[in-house]
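Okay, here's what each chain looks like letter by letter:
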Amino acid sequence: MLQLDHVTLAQGAFRLTADWSAKPGSRIAVMGPSGAGKSTLLSAIAGFLVPNSGRIRWQGEDLTDVPPGERPVTILFQDQNLFPHLTVAQNLGLGLRADLRLTPQDRSRVDEALARVGLQGMGPRRPAQLSGGQASRAALARALLRARPILLLDEPFAALGPALRAEMLKLVREVADETSALVLMVTHDPQDALALGGDLAFVSDGQVQSPVETRALLAHPPPDVQAYLG
(Lines give C-alpha, C1' and ligand atoms only; values in the text may rest on other atoms or scores of the structure.)
Protein backbone atom coordinates (compact mmCIF):
# COMPACT_ATOMS: atom_id res chain seq x y z
CA MET A 1 0.00 0.00 0.00
CA LEU A 2 1.13 3.55 -0.80
CA GLN A 3 0.70 5.79 2.23
CA LEU A 4 0.90 9.57 2.11
CA ASP A 5 1.02 10.18 5.83
CA HIS A 6 0.26 13.85 6.57
CA VAL A 7 2.61 14.89 3.74
CA THR A 8 3.25 18.61 3.32
CA LEU A 9 5.16 20.08 0.38
CA ALA A 10 6.02 23.77 0.50
CA GLN A 11 7.93 25.98 -1.95
CA GLY A 12 7.78 29.70 -1.21
CA ALA A 13 4.12 30.66 -0.97
CA PHE A 14 3.04 27.32 -2.46
CA ARG A 15 1.79 24.64 -0.08
CA LEU A 16 0.36 21.19 -0.81
CA THR A 17 -0.90 18.55 1.60
CA ALA A 18 -1.89 14.91 1.13
CA ASP A 19 -3.07 12.38 3.70
CA TRP A 20 -4.44 9.19 2.16
CA SER A 21 -3.44 5.71 1.00
CA ALA A 22 -3.89 3.54 -2.10
CA LYS A 23 -3.74 -0.21 -2.56
CA PRO A 24 -1.35 -1.96 -4.99
CA GLY A 25 -2.90 -2.27 -8.44
CA SER A 26 -5.02 0.87 -8.05
CA ARG A 27 -5.44 3.25 -10.97
CA ILE A 28 -5.69 6.87 -9.89
CA ALA A 29 -6.08 9.91 -12.13
CA VAL A 30 -4.71 13.10 -10.55
CA MET A 31 -6.63 16.10 -11.87
CA GLY A 32 -6.99 19.76 -10.98
CA PRO A 33 -6.28 23.31 -12.17
CA SER A 34 -2.90 24.25 -13.62
CA GLY A 35 -0.44 25.04 -10.85
CA ALA A 36 -2.45 23.18 -8.22
CA GLY A 37 0.39 20.77 -7.48
CA LYS A 38 -0.32 17.63 -9.51
CA SER A 39 3.24 17.24 -10.83
CA THR A 40 4.59 18.25 -7.43
CA LEU A 41 2.82 15.27 -5.88
CA LEU A 42 4.34 12.85 -8.39
CA SER A 43 7.79 14.38 -7.92
CA ALA A 44 7.55 13.78 -4.18
CA ILE A 45 6.50 10.15 -4.61
CA ALA A 46 9.33 9.65 -7.11
CA GLY A 47 11.84 11.18 -4.69
CA PHE A 48 12.72 14.38 -6.54
CA LEU A 49 11.16 16.50 -3.79
CA VAL A 50 11.50 15.88 -0.05
CA PRO A 51 8.38 16.62 2.01
CA ASN A 52 8.62 19.43 4.55
CA SER A 53 6.70 17.17 6.90
CA GLY A 54 5.01 13.79 6.88
CA ARG A 55 6.15 10.45 5.49
CA ILE A 56 5.76 8.53 2.23
CA ARG A 57 5.57 4.75 2.66
CA TRP A 58 5.20 1.76 0.35
CA GLN A 59 4.20 -1.60 1.80
CA GLY A 60 5.21 -0.31 5.22
CA GLU A 61 8.69 0.82 4.12
CA ASP A 62 9.48 4.49 4.66
CA LEU A 63 10.57 5.96 1.30
CA THR A 64 10.78 9.57 2.44
CA ASP A 65 14.58 9.72 2.44
CA VAL A 66 15.23 7.02 -0.18
CA PRO A 67 16.98 8.32 -3.36
CA PRO A 68 14.87 8.31 -6.54
CA GLY A 69 16.83 5.50 -8.23
CA GLU A 70 16.29 3.19 -5.29
CA ARG A 71 12.53 3.65 -5.06
CA PRO A 72 10.04 1.08 -6.44
CA VAL A 73 8.91 3.70 -8.94
CA THR A 74 8.88 4.30 -12.69
CA ILE A 75 7.92 7.80 -13.85
CA LEU A 76 7.11 8.94 -17.38
CA PHE A 77 7.14 12.62 -18.30
CA GLN A 78 5.74 14.30 -21.40
CA ASP A 79 9.14 14.06 -23.13
CA GLN A 80 9.07 10.27 -22.61
CA ASN A 81 12.48 10.14 -20.85
CA LEU A 82 14.19 8.68 -23.94
CA PHE A 83 17.91 9.43 -24.39
CA PRO A 84 18.44 10.75 -27.94
CA HIS A 85 22.01 9.38 -28.29
CA LEU A 86 20.89 5.79 -27.57
CA THR A 87 18.93 3.44 -29.77
CA VAL A 88 15.40 2.46 -28.83
CA ALA A 89 16.66 -0.95 -27.73
CA GLN A 90 19.35 0.63 -25.57
CA ASN A 91 16.80 2.97 -24.00
CA LEU A 92 14.73 -0.07 -23.08
CA GLY A 93 17.83 -1.89 -21.89
CA LEU A 94 18.33 0.81 -19.26
CA GLY A 95 15.21 -0.56 -17.63
CA LEU A 96 17.12 -3.78 -16.97
CA ARG A 97 20.71 -2.66 -16.42
CA ALA A 98 21.99 0.88 -16.00
CA ASP A 99 25.39 -0.11 -17.49
CA LEU A 100 23.68 -1.68 -20.56
CA ARG A 101 25.72 -4.86 -20.18
CA LEU A 102 22.83 -6.97 -21.34
CA THR A 103 22.84 -10.74 -21.45
CA PRO A 104 21.30 -12.61 -24.39
CA GLN A 105 18.31 -13.23 -22.15
CA ASP A 106 18.05 -9.48 -21.45
CA ARG A 107 18.14 -8.72 -25.17
CA SER A 108 15.36 -11.23 -25.73
CA ARG A 109 13.30 -9.51 -23.08
CA VAL A 110 13.86 -6.16 -24.83
CA ASP A 111 12.72 -7.65 -28.14
CA GLU A 112 9.66 -9.14 -26.46
CA ALA A 113 8.77 -5.80 -24.86
CA LEU A 114 9.08 -4.02 -28.21
CA ALA A 115 6.84 -6.60 -29.80
CA ARG A 116 4.39 -6.27 -26.93
CA VAL A 117 3.85 -2.58 -27.72
CA GLY A 118 3.88 -2.97 -31.50
CA LEU A 119 7.45 -1.79 -32.18
CA GLN A 120 8.91 -4.96 -33.64
CA GLY A 121 12.13 -4.32 -35.53
CA MET A 122 12.48 -0.73 -34.31
CA GLY A 123 15.14 -1.44 -31.69
CA PRO A 124 18.03 -0.05 -33.82
CA ARG A 125 16.30 3.30 -34.41
CA ARG A 126 17.05 6.50 -32.52
CA PRO A 127 14.23 8.27 -30.66
CA ALA A 128 14.30 11.11 -33.23
CA GLN A 129 13.25 8.56 -35.85
CA LEU A 130 10.07 7.71 -33.96
CA SER A 131 6.68 9.36 -34.17
CA GLY A 132 5.12 10.74 -31.01
CA GLY A 133 3.00 7.63 -30.61
CA GLN A 134 5.95 5.33 -31.17
CA ALA A 135 8.01 7.21 -28.57
CA SER A 136 5.14 6.79 -26.09
CA ARG A 137 5.07 3.07 -26.84
CA ALA A 138 8.82 2.80 -26.31
CA ALA A 139 8.58 4.56 -22.96
CA LEU A 140 5.80 2.21 -21.87
CA ALA A 141 7.82 -0.78 -23.04
CA ARG A 142 10.64 0.31 -20.74
CA ALA A 143 8.16 0.64 -17.89
CA LEU A 144 7.01 -2.90 -18.65
CA LEU A 145 10.59 -4.14 -18.45
CA ARG A 146 11.26 -2.31 -15.19
CA ALA A 147 8.11 -3.83 -13.69
CA ARG A 148 8.25 -1.48 -10.71
CA PRO A 149 5.17 -1.62 -8.47
CA ILE A 150 4.44 2.13 -8.78
CA LEU A 151 3.97 3.75 -12.20
CA LEU A 152 3.72 7.54 -12.31
CA LEU A 153 2.55 9.27 -15.50
CA ASP A 154 2.98 13.04 -15.72
CA GLU A 155 0.86 13.83 -18.79
CA PRO A 156 3.07 11.73 -21.09
CA PHE A 157 0.41 11.67 -23.82
CA ALA A 158 -0.71 15.31 -23.70
CA ALA A 159 0.77 16.12 -27.12
CA LEU A 160 -1.01 13.23 -28.84
CA GLY A 161 -4.33 13.41 -30.65
CA PRO A 162 -7.48 11.96 -29.04
CA ALA A 163 -7.44 8.62 -30.89
CA LEU A 164 -3.76 7.94 -30.23
CA ARG A 165 -4.10 9.08 -26.63
CA ALA A 166 -6.95 6.60 -26.12
CA GLU A 167 -4.76 3.88 -27.59
CA MET A 168 -1.93 4.74 -25.20
CA LEU A 169 -4.27 4.71 -22.21
CA LYS A 170 -5.48 1.26 -23.22
CA LEU A 171 -1.84 0.15 -23.33
CA VAL A 172 -1.25 1.69 -19.87
CA ARG A 173 -4.14 -0.37 -18.50
CA GLU A 174 -2.69 -3.51 -20.06
CA VAL A 175 0.80 -2.81 -18.69
CA ALA A 176 -0.65 -2.09 -15.26
CA ASP A 177 -2.60 -5.34 -15.34
CA GLU A 178 0.49 -7.33 -16.36
CA THR A 179 2.73 -5.80 -13.69
CA SER A 180 0.04 -5.25 -11.00
CA ALA A 181 1.38 -1.70 -10.74
CA LEU A 182 -0.25 1.12 -8.81
CA VAL A 183 -0.77 3.85 -11.43
CA LEU A 184 -1.03 7.57 -10.72
CA MET A 185 -1.61 9.65 -13.85
CA VAL A 186 -1.71 13.44 -14.03
CA THR A 187 -4.26 14.68 -16.54
CA HIS A 188 -6.34 17.76 -17.32
CA ASP A 189 -8.90 15.77 -19.31
CA PRO A 190 -11.89 14.10 -17.57
CA GLN A 191 -12.19 11.70 -20.51
CA ASP A 192 -8.64 10.48 -19.93
CA ALA A 193 -9.46 9.96 -16.26
CA LEU A 194 -12.49 7.90 -17.26
CA ALA A 195 -10.45 5.93 -19.79
CA LEU A 196 -7.86 5.06 -17.14
CA GLY A 197 -10.60 3.63 -14.94
CA GLY A 198 -10.45 3.43 -11.17
CA ASP A 199 -10.34 6.52 -8.98
CA LEU A 200 -9.67 10.23 -9.21
CA ALA A 201 -7.72 12.38 -6.74
CA PHE A 202 -8.68 16.02 -7.24
CA VAL A 203 -6.14 18.71 -6.35
CA SER A 204 -7.32 22.14 -5.29
CA ASP A 205 -6.77 24.77 -2.61
CA GLY A 206 -3.46 23.23 -1.57
CA GLN A 207 -4.81 19.75 -0.96
CA VAL A 208 -4.66 16.44 -2.81
CA GLN A 209 -8.04 15.02 -1.91
CA SER A 210 -8.50 11.32 -1.18
CA PRO A 211 -9.19 9.30 -4.34
CA VAL A 212 -12.85 8.73 -5.18
CA GLU A 213 -14.32 6.44 -7.85
CA THR A 214 -13.95 8.45 -11.06
CA ARG A 215 -17.36 7.92 -12.63
CA ALA A 216 -19.18 8.64 -9.40
CA LEU A 217 -17.17 11.82 -8.78
CA LEU A 218 -17.69 13.18 -12.28
CA ALA A 219 -21.37 12.24 -12.28
CA HIS A 220 -21.97 14.16 -9.05
CA PRO A 221 -19.08 16.62 -8.75
CA PRO A 222 -18.64 18.71 -5.60
CA PRO A 223 -18.39 22.49 -6.10
CA ASP A 224 -14.61 22.66 -6.66
CA VAL A 225 -14.69 19.87 -9.24
CA GLN A 226 -17.76 21.41 -10.91
CA ALA A 227 -15.98 24.78 -11.13
CA TYR A 228 -13.01 23.05 -12.78
CA LEU A 229 -15.19 21.17 -15.27
CA GLY A 230 -17.14 24.32 -16.14
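Residues numbered from 1 in each chain as written. Predicted model: local features only at pLDDT ≥ 70, side-chain atom pairs only at ≥ 80, totals over all residues. Heavy atoms only, no water.

(A) Layout of the overall build of the chain. Counting its secondary structure elements, the chain contains eight helices and eleven strands. A compact globule built from 230 residues would reach a C-alpha radius of gyration of about 17 Å, and the chain, at 18 Å, matches this within 12%. Overall size of the chain, expressed as C-alpha extent along the three principal axes, is 50 × 40 × 30 Å. Here the chain holds 230 residues, and the buried ones make up 47% of them. Put simply, of all contacts in the chain between residues at least 6 apart along the chain, 66% involve residues at least 24 apart. Total accessible area computed for the chain in this model is approximately 10500 Å², and 51% of it derives from carbon and sulfur atoms. (Helix = DSSP H or I, 4+ residues; strand = E, 2+ residues; numbered from the N terminus. Rg over C-alpha atoms; globule rule 2.2 N^0.38 Å. Buried < 20%, exposed > 50% of the residue type's maximum accessible area, 1.4 Å probe, protein only. Contact = heavy atoms within 4.5 Å. Areas by Shrake-Rupley, 256 points an atom, 1.4 Å probe, with all protein chains shown as cover.)

(B) Just helix H1 (residues 38–46), in detail. Of all nine residues making up H1, eight are buried, and the element is well covered by its neighbours. Of all the residues in H1, the buried ones are Lys38, Thr40, Leu41, Leu42, Ser43, Ala44, Ile45 and Ala46. Two residues or fewer past H1, glycine 47 is found with a positive phi of approximately 100°.

(C) Layout of the environment of glutamate 213. Tracing the backbone through its elements, the reader meets glutamate 213 in strand S11 (residues 212–213). A sequence separation of 15 residues divides glutamate 213 from glycine 198, and the C-alpha atoms of the two residues are 5.9 Å apart. A polar atom in the side chain of glutamate 213 sits 3.2 Å from the backbone nitrogen of arginine 215. (Polar contact = N/O pair within 3.5 Å; in protein donor to acceptor, adjacent residues only side chain to side chain.)

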